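# Geometric and topological summary
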Amino acid sequence: MRAVTFAGGFEFEVEMESAGNGGVFSFRNSSVKARQGLARIQTHKKIDEDAEDGGEICHDDSTPPVRAQSLDELHSLQRKKSAPTTPITAARSPFSEEQRQRLQLQSISASLASLTRETGPNVVKGDPARTRPETPRLSAASHHLAPTFNISDSGLKFTHILYNLSPAELYEQAIKYEKGSFITASGALATLSGARTGRSPRDKRVVKDEITAEELWWGKGSPNIEMDEHTFMVNRERAVDYLCSLEKVYVNDQFLNWDPEHRIKVRIVSARAYHSLFMHNMCIRPSPEELENFGTPDFTIYNAGQFPCNRYTHYMTSSTSVDLNLDRREMVILGTQYAGEMKKGLFSVMHYLMPKRQVLSLHSGCNMGKDGDVALFFGLSGTGKTTLSTDQNRYLIGDDEHCWSENGVSNIEGGCYAKCIDLSGEKEPDIWNAIKFGTVLENVVFDEHTREVDYTDKSVTENTRAAYPIEFIPNAKIPCVGPHPKNVILLACDAFGVLPPVSKLSLAQTMYHFISGYTALVAGTEDGIKEPTATFSACFGAAFIMLHPTKYAAMLAEKMQKHGATGWLVNTGWTGGSYGSGSRIKLAYTRKIIDAIHSGVLLQANYTTTNVFGLEIPTEVEGVPSEILDPANSWPDKNAHKETLLKLGGLFRKNFEGFLSHKIGSGDELTDEILAAGPNF
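Anyway, here's the lowdown on the structure attached to this text. Fair warning: this is a prediction, and the values are worked out from it, not measured in the lab.

## Observations regarding the overall build of the protein chain
Each helix and strand counted, the protein chain has 16 helices and 35 strands in total. Counting only residues that meet the buried cut, the protein chain has 51% of its 681 residues in that class. Sequence separation of 24 or more characterises 71% of the internal contacts of the protein chain that already satisfy a separation of 6 or more. A total accessible area of about 32800 Å² is found for the protein chain, and carbon and sulfur atoms account for 51% of it.

## Description of the packing of aromatic side chains
Going through the model one piece at a time under the given rule, you end up with 19 aromatic pairs. Centre to centre, the rings of Tyr 518 and Phe 652 are 4.9 Å apart; their planes meet at 50°, and the pair counts as tilted. Placement of the pair is Tyr 518 in strand E29 (residues 518-522) and Phe 652 in helix H15 (residues 638-656), with a sequence separation of 134 residues. With respect to burial, Tyr 518 and Phe 652 carry one shared label: buried. A connected cluster of aromatic rings, assembled from ring pairs, spans Trp 217, Tyr 512, Tyr 518, Phe 536, Phe 613, Phe 652, Phe 656 and Phe 659. The ring of Tyr 177 has Lys 248 lying over it, and the distance from NZ or CZ to the ring centre is 3.4 Å. Cation over ring: Lys 344 sits above Phe 544, and NZ or CZ is 4.4 Å from the ring centre.

## Some words on the pattern of salt bridges
Inspection of the entire model under this criterion finds 17 salt bridges. The partner of Asp 203 in a salt bridge is Arg 196, with the nearest N and O atoms 3.8 Å apart. With a relative accessible area of 7%, Asp 203 lands in the buried category. Judged by its relative accessible area of 28%, Arg 196 is partly exposed. Across the pair Lys 344 and Asp 400 runs a salt bridge whose closest N-O atoms are separated by 2.7 Å. A residue pair is termed long-range when its members are at least 10 positions apart, and Lys 344 in helix H8 (residues 340-356) and Asp 400 in the loop between strand E18 (395-398) and strand E19 (401-405) qualify at 56 residues.

## Focus on the pairing of strand E15 (residues 360-363)
By the alternation rule, side chains of E15 split into Leu 360 and Leu 362 and Ser 361 and His 363, which are all buried. In this sheet, E19 lies alongside E15 in antiparallel orientation, the contact comprising four bridges. Residue pairing across strands places Ser 361 opposite Cys 403, the latter belonging to E19.

## Comments concerning unusual backbone geometry
Following Ile 478, the chain continues into Pro 479 via a peptide bond in cis, with omega recorded as 0°. Checked against the element boundaries, Pro 479 lands in the loop between strand E25 (465-469) and strand E26 (481-482).

## Here we look at the sheet that holds strand E10 (residues 248-256)
Read across the open sheet, the nine strands follow the order E4-E5-E10-E11-E12-E14-E13-E8-E9; overall the sheet is mixed. Whereas interior strands pair on both sides, the edge strands pair on one side only; in this sheet they are strand E4 (122-125) and strand E9 (225-227). The mean inter-strand angle of the sheet, taken between neighbouring strand axes irrespective of direction, is 25°. Across four bridges, the pairing between E4 and strand E5 (residues 158-163) is parallel. The partner of Val 124 across the bridge, within E5, is His 160. Across the face of the sheet, helix H5 (residues 229-245) comes into contact with E5, strand E8 (204-207), E9, E10, strand E11 (264-270), strand E12 (299-304), strand E13 (321-325) and strand E14 (330-334) while running at roughly 65° to E14.

## Regarding the sheet that holds E19
Pairing within the open sheet is antiparallel, and its four strands lie in the order E15-E19-E20-E26. Either end of the sheet is taken by a strand with one partner, and the two such strands are E15 and E26. Where strand E20 (residues 408-411) and E26 come together, two bridges link them in antiparallel fashion. Along E26, the bridge assignment pairs Ser 410 with Val 481.

## Remarks on the nonpolar core
Of all hydrophobic cores here, the largest spans 125 residues; its most connected members are Trp 404, Leu 441, Tyr 468 and Phe 514. Looking at which element gives the most residues to this core, the answer is H8, with eight residues. Val 123, Val 207, Val 269 and Tyr 302 belong to the second largest nonpolar core, which has 26 residues in total.

## Focus on a nonpolar patch on the surface
Side chains of Leu 71, Leu 74 and Leu 77 sit close together on the surface and give an oily, nonpolar patch of about 290 Å² of accessible area. Leu 77 sits in the exposed class, given a relative accessible area of 51%.

## So, the packing of helix H6 (residues 273-282) against H8
Axis angle and axis distance: for two packed helices, these are the angle between their axes and the distance between the axes, and together they describe the pair. Two numbers describe how H6 lies on H8: the axes approach to 9 Å, and their chain directions differ by 40°. By the angle between their axes, H6 is oblique relative to H8. Seen from above, H6 lies across H8 with right-handed handedness. Of the residues in H8, those in contact with His 275, Phe 278, Met 279 and Met 282 of H6 are Gly 340, Met 342, Lys 343 and Leu 346. Looking at the contact of H6 with H8 residue by residue, the class counts come to five nonpolar, two polar and one charged.

## Describing the environment of Thr 383
Within the element layout of this structure, Thr 383 appears in the loop between strand E17 (374-378) and helix H9 (385-389). By relative accessible area, which is 1% here, Thr 383 ends up buried. Expressed as a C-alpha distance, the spacing of Thr 383 and Ala 492, which sit 109 residues apart in the sequence, is 5.6 Å. Among all residues touching Thr 383, those that are not within four sequence positions of it are Leu 491, Ala 492, Cys 493, Thr 519 and Thr 572. Among the polar contacts listed, one links the side chain of Thr 383 to the backbone oxygen of Leu 380, at a separation of 2.7 Å.

## Regarding the state of the cysteines
Within this structure, the stated rule accounts for zero disulfides. Of all cysteine sulfurs, the one in Cys 480 lies closest to Cys 366, which takes part in no disulfide; the gap is 9.7 Å. With relative accessibility at 0%, the residue Cys 366 sits in the buried group.

## Focus on the packing of helix H3 (residues 167-177) against H6
Packing of H3 against H6 leaves a shortest axis separation of 9 Å and a crossing angle of 155°. Put simply, H3 runs roughly antiparallel to H6. Of the two elements, H3 crosses H6, and the hand of that crossing is left-handed. Residues Pro 167, Leu 170, Tyr 171, Gln 173 and Ala 174 of H3 lie in contact with H6, whose contacting residues are Ala 273, Ser 276, Leu 277 and His 280.

## Describing H15
Taking 1.5 Å as the rise per residue, H15 with 19 residues should run 27 Å; its terminal C-alpha atoms sit 27 Å apart, in good agreement. Looking at where H15 begins, the residue whose side-chain oxygen comes 3.2 Å from the main-chain nitrogen of Asn 639 is Asp 637.

## Remarks on the side chain of Thr 159
With respect to the secondary-structure elements, Thr 159 resides in strand E5. A polar atom in the side chain of Thr 159 sits 3.4 Å from the backbone oxygen of Cys 244. Excluding anything up to four places from it in sequence, Thr 159 contacts Pro 121, Asn 122, Val 123, Val 124, Leu 243, Cys 244, Leu 246, Glu 247 and Val 249.

## Topic: the environment of Ser 364
Within the element layout of this structure, Ser 364 appears in the loop between E15 and strand E16 (365-368). It is 9.4 Å that separates the C-alpha atoms of Ser 364 and Leu 380, two residues lying 16 residues apart in sequence. If we skip the residues at most four places from it in the chain, Ser 364 touches Leu 376, Phe 377, Phe 378, Lys 385, Asp 399, Asp 400, Glu 401 and His 402.

Cut-off values and rules
- Residues numbered from 1 in each chain as written.
- Predicted model: local features only at pLDDT ≥ 70, side-chain atom pairs only at ≥ 80, totals over all residues.
- Heavy atoms only, no water.
- Helix = DSSP H or I, 4+ residues; strand = E, 2+ residues; numbered from the N terminus.
- Buried < 20%, exposed > 50% of the residue type's maximum accessible area, 1.4 Å probe, protein only.
- Contact = heavy atoms within 4.5 Å.
- Areas by Shrake-Rupley, 256 points an atom, 1.4 Å probe, with all protein chains shown as cover.
- Phe/Tyr/Trp six-rings, centres within 6.5 Å; stacked < 30°, edge-to-face > 60°.
- Lys NZ or Arg CZ within 6 Å of the ring centre and 35° of its normal.
- Salt bridge = Lys/Arg side-chain N within 4 Å of Asp/Glu carboxyl O.
- Pairing = 2+ DSSP bridges.
- Axes fitted to C-alpha atoms, helices over the stretch in contact; angles between N-to-C directions.
- Core = buried A, V, L, I, M, F, W, Y, C linked by side-chain atoms within 4.5 Å.
- Patch = residues over 30% accessible without salt bridge, like charges linked within 9 Å, V, L, I, M, F, W, Y side chains within 5 Å.
- Parallel < 35°, antiparallel > 145°, perpendicular 65-115°, else oblique.
- Left-handed = near helix turned anticlockwise from the far one by under 90°.
- Nonpolar A, V, L, I, M, F, W, Y, C, P; charged D, E, K, R; others polar.
- Polar contact = N/O pair within 3.5 Å; in protein donor to acceptor, adjacent residues only side chain to side chain.
- Disulfide = S-S within 2.5 Å.
- Expected span 1.5 Å × (residues − 1).

Here it is, written out as structure tokens:
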């Protein structure tokens, strides 16, 4: 051992042991301490565990360096290549993986083809932000007729196709490229729909040709506003040109209708990740194997909502146009980014296609009991359709759109589109808990720091919405199908207070009230106007039906009669007087009524018949005060009750006049029977 003095005044004793003991070097501080009073420094090479002094061993936890020569290469290692296809055996498919990818791109390019240039765009699959595309490029000339015009600038570029991205990938796209996209505290994606925060029914048009002129419902009361084929093609070309001018577009290939025999293949081409995620949630998501064999879609949506229509184009009345061409099986969206246009546009398409197959399309909620009893719920906004059809003791088949075929009922959609205004976990726990990662929140307001959503805030719009997969509801029935309905429940929020809390309907009465689609709301309360306003919407969804309402009603009656379903009219509105003098029927009472319908107990009750509407009402329902079951008994002013009852009956008659010119069935017998089922005074 010897002392060694270093610059700075440090003096150490160096002790050297023999190499046979591990070649240990020990640096020990002498009497001279380091400046600042630092502790002694001891440095050891690894000591043999068998050494006599049993000294400490320094653990070597170093790891080999990553196998990357650049940051880009490192990032590529982070993403594991997913298996985009299911195993395809030679017996099942003659195509290689590359051939299948090429066929898929050809199909997408054909969807985006400009009809004037007779060619689709050059397409490549993958995010343009990545340095290398995921699949071989496909040039337009390789699968289309030779262009009849000189090549354009768009023909010189490649359009990147972001195909059926996952929610996580769409989150990344939205947050990076779409202003107004944020992750909320619950994990949902908050987005903005731009200037339009609801549907634009006055800007929705349908091509009127020789076939649709005869098949569709046109004229007074109809939601179908006509346009000609040429105008549709002008708007289609405008939308396609806009989409092809972009560096990338989102393409979703999905399904409508959980019944495999009546499933529709849809393709949605859009410019926003928000729209792609919305439709990912709302349509039925295909399995990898189903996606392999998807082929040509049955219907295509071109969503160019960020680009306006040309106001100088014939039929255009604003910068927004939502156009349906049933012959071409296409829909074009210009001038509105509200995602609900896609959902309800496809619902209109189903209202046209399904009746051709003798399948009834319905704007309803649907649930099923543990014994397999199915109930349909019809009702306009504010009637309690969502609340009553979402029952923790029953399976949810769907909350909004359904089909009734020879196989039973099936949900059209793969998700739910719930209103969020004033939402709370106490009032709507299922919806509240469904707002998590993967859910789209439209036009909500949130805290800029915590990202907690304030569902009472209407700063952007009162029509705030959440779109989420139906699997997010704990008691959802997957697949979303069920047997033939046992009960058909028509809901009305009667602010006039003259309809009974529950009525059993005959088949003719069910058709009459189904065609009427009645509810009554209180309008203008902010200005002190408290007079109830009657609202009628044919088939409880007039904005979406394509055929005359009586055709849907006749199909409903036929299926109810064939499968023994019972019709019910349930009033969730007022009792003991109109709005302002009476009181709202308690939700607990309505739930007791619905439970009695589900169990079949109400069918065994004793009934009496009301005046004017001729409704059969039970004399007793367990858990419901008997005095409210007959409105005539609950009103203290009997004359006021009679006057209001006649007033509402007159409103029903006036509304139904618009349907008298259309024959229901092959003769006049059914029409006369339905008319007789209405108010009689």
